[in-house]
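So the chains spell out like this:
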Amino acid sequence: MSTSEATTSMHVDVSAIFTSIDRNKDGRLTFSDLRMGFKDMGIDISDHDLKTMMNEVDQDGDGAINFSEMLTIMVRMHKKARENMDLMRVFEIMDKDGNKRISRSELKKALKLYTNKKVTPDELEAIMNEVDFDRDGYISFVEFAHCVHLFK
């Protein structure tokens, strides 16, 4: 598929999404429209994050999202989903036993492999204290992703 075909395909998909969310067919999506539309699509987003996203892309400042602005939202959501998939791949590589959490031992091995430096027990403990928010002795994907985003 060429770039122009992919762009056209995305435009059609976003157009269908926009039309389905725009229940009153006025060509504008309000906060309420987006809230219900995302809920219908199974997209979980907080009110705060949705308002922030709307404010960031509402270029004409009318408090609603037009089709062009919706394209921007969908591109951002697609990019975030791809970033999360990439993070998941890294997490899965580090999670050697596949139990959906990274142990101290797995972290130590990953740090040695990727930094080419032997981590001392004190350094390992300090990292775990920073990353393991729920203090269960393991790093979950949520904890891992949160820490990676802090360093961006």
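The structure this text deals with has already been given above.
Below is a summary of the structure that appears in this document.

Taken as a whole and assessed by the stated rule, the structure comprises seven salt bridges. Notably, a salt bridge pairs D47 with R35, separated by 2.8 Å at the nearest N-O pair. Taken together, the residues span a long stretch of sequence, with D47 in helix α3 (residues 47-57) and R35 in helix α2 (residues 31-40) at a distance of twelve residues. For D47, a relative accessible area of 40% corresponds to the partly exposed category. Across the pair E123 and K117 runs a salt bridge, and its minimum N-O distance is 3.0 Å. The partly exposed category is assigned to K117, whose relative accessible area is 43%.

Residues I93, L113 and Y114 make up a contiguous nonpolar surface patch of roughly 340 Å² in combined accessible area. As for its position among the elements, L113 is in helix α5 (residues 104-115). On the basis of relative accessible area, L113 is assigned to the exposed category, the value being 59%.

About the thresholds
Here the residue index of a chain counts from 1 through its sequence in written order. Confidence filtering applies because this is a predicted model: local features only for residues at pLDDT of at least 70, side-chain atom pairs given and counted only at 80 or more, and all residues used for totals across whole chains, interfaces and linings. Each side-chain value is worked out from all heavy atoms of the structure, with water and hydrogens disregarded. Only one rule defines a salt bridge in this text: a Lys or Arg side-chain nitrogen within 4 Å of an Asp or Glu carboxyl oxygen. Segments assigned H or I by DSSP are reported as helices when at least four residues long, segments assigned E as strands when at least two residues long, and all are numbered from the N terminus. Exposure categories follow from relative accessible area, calculated using a 1.4 Å probe and restricted to protein chains: below 20% of the type maximum is buried, above 50% is exposed, and the middle band is partly exposed. Within the patch definition used here, like charges are joined within 9 Å and nonpolar side chains (Val, Leu, Ile, Met, Phe, Trp, Tyr) within 5 Å, considering only residues with over 30% relative accessible area and no salt bridge. In this description, accessible areas are obtained by the Shrake-Rupley approach with a 1.4 Å probe, and a residue is regarded as covered only by the protein chains that are shown.

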